[in-house]
Amino acid sequence: VQLQASGGGLVQTGGSLRLSCAASGRTFSDYAMAWFRQAPGKERELVAAISWSGGSTYYADSVKGRFTISRDNAKNTVYLQMNSLRPEDTAVYYCAATLGGGRYLRDYDYWGQGTQVTVSS
């Protein structure tokens with residue numbers, strides 16, 4: 001499956017952004033999806049994940065209550081709504097897909113190209 005992430009940008013502290021990840025090439029609803037992020041000098045980390053049906057979600061503690069992951073299987077797209085953004089949310093955000101699910105990088109077989117999110121203080 002091919003993944004194309006979009007929606008990043010520059011926003012002030014407290015602002016909002018909505019990331020999108022469009023999938024093509026395979027049956028999107030077969031895959032669990034996730035958003036990871038990587039800040040400069042840091043390891044890539046899981047931000048949020050969603051099951052193939054959308055019925056189950058997972059959030060990193062650092063984003064709980066501020067970020068929401070969702071998906072529209074009819075549009076082959078997964079979203080990440082980010083509210084109350086903080087400077088520490090600055091990173092390149094990647095969408096990823098897996099047939100099996102999981103919370104680690106090694107669990108995900110397909111990756112988008114990344115979209116930059118910068119939160120100014």
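Residues numbered from 1 in each chain as written. Predicted model: local features only at pLDDT ≥ 70, side-chain atom pairs only at ≥ 80, totals over all residues. Heavy atoms only, no water.

**Focus: the overall build of the chain**
- A tally of helices and strands in the chain yields zero helices and 11 strands.
- Taking 2.2 N^0.38 as the reference for a compact globule, 121 residues should give roughly 14 Å; the C-alpha atoms of the chain span a radius of gyration of 13 Å, in line with that estimate.
- Counting only C-alpha atoms and orienting by the principal axes, one finds that the chain spans roughly 40 × 25 × 25 Å.
- Long-range pairs, those at least 24 residues apart, make up 55% of the contacts in the chain between residues at least 6 apart in sequence.
- In the form shown here, the chain has an accessible surface area of approximately 6200 Å², with 45% of it arising from carbon and sulfur atoms.
- Taking the average location of the 12 positive side-chain charges in the chain and that of its 9 negative ones, the two points are 3 Å from each other. (Helix = DSSP H or I, 4+ residues; strand = E, 2+ residues; numbered from the N terminus. Rg over C-alpha atoms; globule rule 2.2 N^0.38 Å. Contact = heavy atoms within 4.5 Å. Areas by Shrake-Rupley, 256 points an atom, 1.4 Å probe, with all protein chains shown as cover. Lys, Arg positive; Asp, Glu negative; His and termini not counted. Charge placed at Lys NZ, Arg CZ, Asp CG, Glu CD.)

**Topic: unusual backbone geometry**
- Although it is not a glycine, N76 adopts a positive phi angle of roughly 55°.
- Despite not being glycine, S84 shows a phi value in the positive range, around 50°.
- Within the secondary structure layout, S84 lies in the loop between β8 (77–82) and β9 (91–98).

**Overview of the pattern of salt bridges**
- For the structure on display, the rule yields four salt bridges.
- The structure contains a network of salt bridges with shared partners spanning R37, E45, R66 and D89. (Salt bridge = Lys/Arg side-chain N within 4 Å of Asp/Glu carboxyl O.)

**Considering the side chain of R66**
- Within the secondary structure, R66 sits in the loop between β6 (57–59) and β7 (67–72).
- The contacts of R66, once residues within four sequence positions are left out, are Q81, M82, N83, S84, L85, R86 and D89.

**Structural notes on the nonpolar core**
- Membership of the largest hydrophobic core comes to 31 residues, with the highest contact counts inside it found for M33, W35, L80, M82 and Y93.
- Sorting the residues of this core by element identifies β1 (2–6), β3 (17–24), β4 (32–38), β5 (45–50), β7, β8, β9 and β11 (115–120) as the ones contributing at least two each.
- If near-sequence neighbours (up to four positions away) are discounted, M33 is found in contact with L3, C21, F28, A48, A49, I50, I69, R71, V78, A96, A97 and Y108.
- Counting six residues, the second-largest nonpolar core is a separate cluster that includes A34, L46, A49 and Y108. (Core = buried A, V, L, I, M, F, W, Y, C linked by side-chain atoms within 4.5 Å. Buried < 20%, exposed > 50% of the residue type's maximum accessible area, 1.4 Å probe, protein only.)

**A word on the state of the cysteines**
- Per the counting criterion, the structure on display carries one disulfide.
- Between the sulfur atoms of C21 and its disulfide partner C95 the distance amounts to 2.1 Å. Disulfide C21-C95: the torsion about the S-S bond is 60°, which places it as right-handed. In this pair, C21 is assigned in strand β3 and C95 in strand β9, connecting sequence segments 74 residues apart. (Disulfide = S-S within 2.5 Å.)

**Focus: the packing of aromatic side chains**
- The final tally for this structure, using the stated rule, is four aromatic pairs.
- Seen from their ring centres, Y31 and Y110 are 5.9 Å apart, and the 80° between their planes marks the pair as edge-to-face. Of this pair, Y31 sits in the loop between β3 and β4 while Y110 sits in strand β10 (residues 110–111); the two residues are 79 residues apart in sequence, bridging distant segments of the chain.
- Using a relative accessible area of 3% as the deciding quantity, one classes Y31 as buried. (Phe/Tyr/Trp six-rings, centres within 6.5 Å; stacked < 30°, edge-to-face > 60°.)

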